[in-house]
Amino acid sequence: MTSIDVNTESDDSGPWGSPLFERSRELGGGYAAARLRLLTEKARSGPPRRAELSRLTDDWLAALLRAGLAAAGRPPRGVALVAVGGYGRGELSPRSDLDLLLLHDGSADPGVIATLADRVWYPVWDLGLALDHSVRTPAEARRTAAEDLKVQLGLLDARTVAGDAGLVTALRTTVLADWRNQAARRLPELDALCRERAERSGELQYLLEPDLKEARGGLRDAQALRAVAASWLADAPREGLDEARRRLLDARDALHLATGRATDRLALQEQDAVAAELGLLDADTLLREVYEAARTVSYASDVTWREVNRVLKARAGRPRLRGLLGGRGGRAGGVKPQAERTPLAEGVVEMDGEAVLALSARPERDPVLPLRAAAAAAQAGLPLSPHAVRRLAASAKALPVPWPAEAREELVTLLGAGESTVPVWEALEAEGLVTRLLPDWERVRCRPQRNPVHTWTVDRHLVETAVRAATLTRRVHRPDLLLVAALLHDIGKGWPGDHSAVGETIAHDVAARIGFDRADTGVIATVVRHHLLLVETATRRDLDDPATVQSVAAAVGTLGTLELLHALTEADALATGPAAWSSWRASLVTDLVKRVAGVLAGEEPPDPEAAAPSAEQERLAIEALRTGEPVLALHTEPVVAGAGEPEPVGVELLVALPERPGVLPAVAGVLALHRLTVRAADLRAVALPAELGQGPVLVLDWRVAAEYGSLPEAHRLRADLVRALDGSLDVPARLAERDAAYPRRRGVAAPPPRVTVAAADSRLATVLEVRAQDAPGLLHRIGRALEGAAVRVRSAHVSTLGANAVDTLYVTGPDGGPLAPEEAAGLAKTLEEALR
């Protein structure tokens, strides 16, 4: 391409002579003003604005091309400016790239064509617009398309902007013919490209900050469906697809206008502004609309690609079949081979790798058929035919309330199928059958979860929990109650208030609706009400405190309910995301369940005050008393969480030293400096026999894990602890230096910390809950604040989910007992202020 300096003065005969240059500036200025007016008109948005922006851009570029042709002395024949891709479809967003092809028949001098291209490209760049451009003959365009799938996809939407329309029509006809002739080779390539993009960008319908274009179910997938339809090999389900594309395009337009940038990622900090631009209530409403659109595109993609693969497989097998049957038409004796149908359940058969309705099926007379077909498909690991689902949605008779036993059993069978439940459930969702069966489902459908720990939307999380629960059904006596409770445990998230309390009522009504008796309905409601009880208690409460175990036993009531809660706790956490479950959490929950089971069986929980120190704790205490300095011991123990391989849950760190002020913040600060994450800490004063020495010894039992890398050596921890206690190591300053060394990242501002007095009914200590943004040295800061308030810490239990820390502290007054209510409230306020 010719290099041009637009600021160089030249005479009128140069490629950028001043009259033509001024004319291009005039054209650009008029276009820029008209574009600005269009984008600031609130009354015009959506498809009309995109179409008008495309028309406005067409007129400007056409004028540039005409001016260039006039300067070159060429007629408009044999040259055309072509819009491809999104611009070719007339779908220009405010910050979209201009995808342009300068097409010529090859008859002109290459230098003239290069100068003509410059006369079009440079004004576009001068206005700061992004441009994807090329200059080719039809033969070159066709050859490039054959080599580059993305180029071929763009040319499928080729449209004449200006110049020789016949040249463009001929190219588009040829490219479409090539696409159809090469479909057997190019469509698998496009399928692989879509899968690779989905692996890289995730599923739009579940992401908290989705990429509207690249994520699965986004605009790229919608474009791929158009390309499949153009191949004439298969077609996507049409219902709702155009509306879904429009919603995604509207959201991208609003994102461009709200940010002023050419971005497709719907970041958290932009969502309220985008929602306002679209006239929506809030960011949650925006995400729900985006998720619903993405779900429509994703489902259409699944159905379409399944059909493409089926057709291609049939084509590949046809020559062999013809050879076996004889005859060019694939017939033997005039008999056409019929697709084989294998029975799956009453009214349901397998055909061509799908579960379809039998010829004898009568949905209008069989209200259980939708659930029976779904259960049969999931159990067989087959997709449920979209035609079958559509027919069921259109003609199936409504189930009576309460459901008959068969319907309830088919639902349990569907939920117990494991991973294959998900695509079948999505097929039912796509045609509205789920909300018809379970009306309360509408409240959680496509509902976003404003928590980065969660991988899924609320409805998909519920299905994923049932999938996880299906692997745990051998651990419980009532698998049916576990699976239904898993499906309903977060059903209250669609309503205001505590979702567990609200969910209890909804789950009770739903369980009765689907035909469970009064006793089973009560169990499901109780499990839903307390589905967070085990994990929150295990990670935030002192399990050695009898009040902790007694309170859980009172809430659970029976061993059968405890069994169900244990399995649901694991399934729920595994379905939430990788940060929600670990071997460490599993071991704590298992320990709690064992203690509660003992109480429900009539055993008395042991009194922690009467428990003697372990042999190792006593040994370390004696050594600390003898030397007058800290003594440390590190132990690593593997445990098994669920069905996985043994993995280390962290390290037990025992520290013994003569009792003195400042121990908790000193140890917590040293651990933070060595990048060790504290999970739990237990502090107790050990009184040794008089003959071994005078004065109590403080023994700290910590559970820690390396933030990354390997664990530090014990002698280094001990050396730093000694320095921290004698004041030669300034822990706060070192932590501040490390924090300052990391660049501040732009993001959503964290809410302020909150400290509350928990109603734990402990007779041993006052329980404080600290909720704050997780950060290195948080426990050190808490310890310093508590030391200043002259209280003692009996134990600390640290729980971290994503960026949020919930630290539970058992504190006592100088006399070793719980604080008075007014003292506890004052301490909570003091600690909260210190953490701000």
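The rules behind these values
- Residues numbered from 1 in each chain as written.
- Predicted model: local features only at pLDDT ≥ 70, side-chain atom pairs only at ≥ 80, totals over all residues.
- Heavy atoms only, no water.
- Helix = DSSP H or I, 4+ residues; strand = E, 2+ residues; numbered from the N terminus.
- Buried < 20%, exposed > 50% of the residue type's maximum accessible area, 1.4 Å probe, protein only.
- Contact = heavy atoms within 4.5 Å.
- Areas by Shrake-Rupley, 256 points an atom, 1.4 Å probe, with all protein chains shown as cover.
- Pairing = 2+ DSSP bridges.
- Axes fitted to C-alpha atoms, helices over the stretch in contact; angles between N-to-C directions.
- Salt bridge = Lys/Arg side-chain N within 4 Å of Asp/Glu carboxyl O.
- Parallel < 35°, antiparallel > 145°, perpendicular 65-115°, else oblique.
- Left-handed = near helix turned anticlockwise from the far one by under 90°.
- Nonpolar A, V, L, I, M, F, W, Y, C, P; charged D, E, K, R; others polar.
- Phe/Tyr/Trp six-rings, centres within 6.5 Å; stacked < 30°, edge-to-face > 60°.
- Expected span 1.5 Å × (residues − 1).
- Core = buried A, V, L, I, M, F, W, Y, C linked by side-chain atoms within 4.5 Å.
- Polar contact = N/O pair within 3.5 Å; in protein donor to acceptor, adjacent residues only side chain to side chain.

Draft legend 1. Representation of the overall build of the protein chain. Helices and strands together make up the secondary structure of the protein chain, namely 31 helices and 15 strands. Looking at the protein chain as a whole, 51% of its 836 residues are labelled buried. Restricting the contact set of the protein chain to residue pairs at least 6 apart, pairs at least 24 apart contribute 71%. Counting only carbon and sulfur atoms, one obtains 51% of the accessible surface of the protein chain, whose full area is about 38100 Å².

Draft legend 2. Layout of unusual backbone geometry. Pro402 follows Val401 through a cis peptide bond whose omega is 0 degrees. Checked against the element boundaries, Pro402 lands in the loop between α14 (386-395) and α15 (405-415). Notably, Arg675 is not glycine yet its phi reads approximately 55 degrees, a positive angle. Structurally, Arg675 is set in the loop between α27 (663-673) and β10 (676-686).

Draft legend 3. Geometry of the environment of Leu187. By the secondary structure assignment, Leu187 is in helix α8 (residues 183-201). By relative accessible area, Leu187 is classed as buried at 0%. Linking Leu187 and Ser231, residues 44 residues apart in sequence, is a C-alpha distance of 8.5 Å. Residues in contact with Leu187, not counting those within four places in the same chain, are Trp179, Val228, Ser231, Leu233, Trp305 and Val308.

Draft legend 4. Quick look at the sheet that holds strand β5 (residues 342-345). Spatial strand order, β5-β6-β7: three strands in an open sheet with antiparallel pairing. Each edge of the open sheet is held by one strand with a lone partner, namely β5 and β7 (354-357). If you compare each strand with its neighbour and ignore which way they point, the axes differ by 40 degrees on average.

Draft legend 5. Here's a closer look at the pattern of salt bridges. Going through the model one piece at a time under the given rule, you end up with 57 salt bridges. Glu431 is the partner of Arg390 in a salt bridge, and the nearest nitrogen-oxygen pair spans 3.7 Å. Of the two residues, Arg390 is situated in helix α14 and Glu431 in the loop between α16 (421-430) and α17 (433-437); the sequence distance between them amounts to 41 residues. A salt bridge links Arg541 to Glu769; its shortest N-O distance comes to 3.1 Å. Taken together, the residues span a long stretch of sequence, with Arg541 in the loop between α22 (533-540) and α23 (546-556) and Glu769 in strand β13 (residues 766-773) at a distance of 228 residues. A single burial state applies to Arg541 and to Glu769, both of which are buried. Counted as one network, the salt bridges with shared partners bring together Arg50, Glu243, Arg246, Arg247, Asp250, Asp253, Arg288, Glu292, Glu442 and Arg445.

Draft legend 6. How the structure looks around the packing of helix α5 (residues 138-147) against helix α7 (residues 165-181). Relative orientation of the contacting elements α5 and α7 amounts to 25 degrees, with a least axis distance of 10 Å. As summarised for this structure, α5 and α7 are arranged roughly parallel, according to the angle between their axes. Seen along the crossing, α5 lies across α7 with a hand that is right-handed. Two secondary-structure elements touch here, α5 through Pro138, Ala141 and Arg142 and α7 through Leu167, Leu171, Thr174 and Asp178. Looking at the contact of α5 with α7 residue by residue, the class counts come to four nonpolar, one polar and two charged.

Draft legend 7. The packing of aromatic side chains, seen in detail. In the structure shown here, the tally under the stated rule is four aromatic pairs. Judged by centre distance (5.2 Å) and plane angle (85 degrees), the ring pair of Tyr122 and Trp125 falls under edge-to-face. Of this pair, Tyr122 and Trp125 are both found in helix α4 (residues 110-126), three residues apart, which corresponds to roughly one turn of the helix. Owing to a relative accessible area of 33%, Trp125 belongs among the partly exposed residues under this scheme.

Draft legend 8. Expanded view of helix α9 (residues 219-230). The terminal C-alpha atoms of α9 lie 17 Å apart, and with 12 residues this matches the ideal 16 Å at 1.5 Å per residue to within 8%. Counted residue by residue, α9 has nine buried out of 12 residues, so it is predominantly covered. Turning to α9, its buried residues number three or more, namely Leu219, Asp221, Ala222, Gln223, Ala224, Leu225, Ala227, Val228 and Ala230. Once α9 ends, the next one or two residues include Trp232, with phi positive near 65 degrees.

Draft legend 9. Quick look at the nonpolar core. Formed by 92 residues in total, the largest nonpolar core has its most connected members in Leu384, Trp403, Trp425, Leu438, Trp441 and Ile524. Leaving out residues up to four positions away in the same chain, Leu438 has contacts with Trp403, Trp425, Leu487, Val510 and Ile514.

Draft legend 10. Local environment of the packing of helix α10 (residues 241-259) against helix α11 (residues 268-277). Running from N to C, α10 and α11 point in directions that differ by 115 degrees, and their axes come no closer than 9 Å. Two packed elements cross with a definite hand, and for α10 against α11 that hand is right-handed. Between α10 and α11, the residues in contact are Ala251, Ala254, Leu255, Leu257, Ala258 and Thr259 and Glu270, Ala273, Val274 and Glu277, respectively. Residues that form the contact of α10 with α11 fall into these classes: seven nonpolar, one polar and two charged.

Draft legend 11. Inspection of the pairing of strand β6 (residues 348-351) at higher detail. Here three bridges tie β5 to β6, and the two strands are oriented antiparallel to one another. The partner of Pro343 across the bridge, within β6, is Val349. Taking the residues between adjacent antiparallel strands as the criterion, β5 and β6 are bridged by two residues, where Gly347 takes a positive phi near 85 degrees. Joining the antiparallel neighbours β6 and β7 is a turn of two residues, in which Asp352 adopts a positive phi near 55 degrees.

Draft legend 12. Region of the structure containing the side chain of Glu429. On the secondary structure map, Glu429 appears in helix α16. Within the local environment of Glu429, its side chain forms a polar contact with the side chain of Trp441, the two groups lying 3.2 Å apart.

Draft legend 13. Inspection of the sheet that holds strand β1 (residues 79-83) at higher detail. In spatial order, the strands read β3-β2-β1-β4; together these four strands make up an open sheet with mixed pairing. On the outer flanks of this sheet lie β3 (131-136) and β4 (159-163), each paired with one strand and no other. Ignoring which end each strand starts from, the neighbouring axes of this sheet average 25 degrees apart. Examined bridge by bridge, β1 and strand β2 (residues 98-104) share five bridges and lie antiparallel to one another. Paired with Val79 across the bridge in β2 is His104.

These figures come from the coordinates and say nothing about function on their own.
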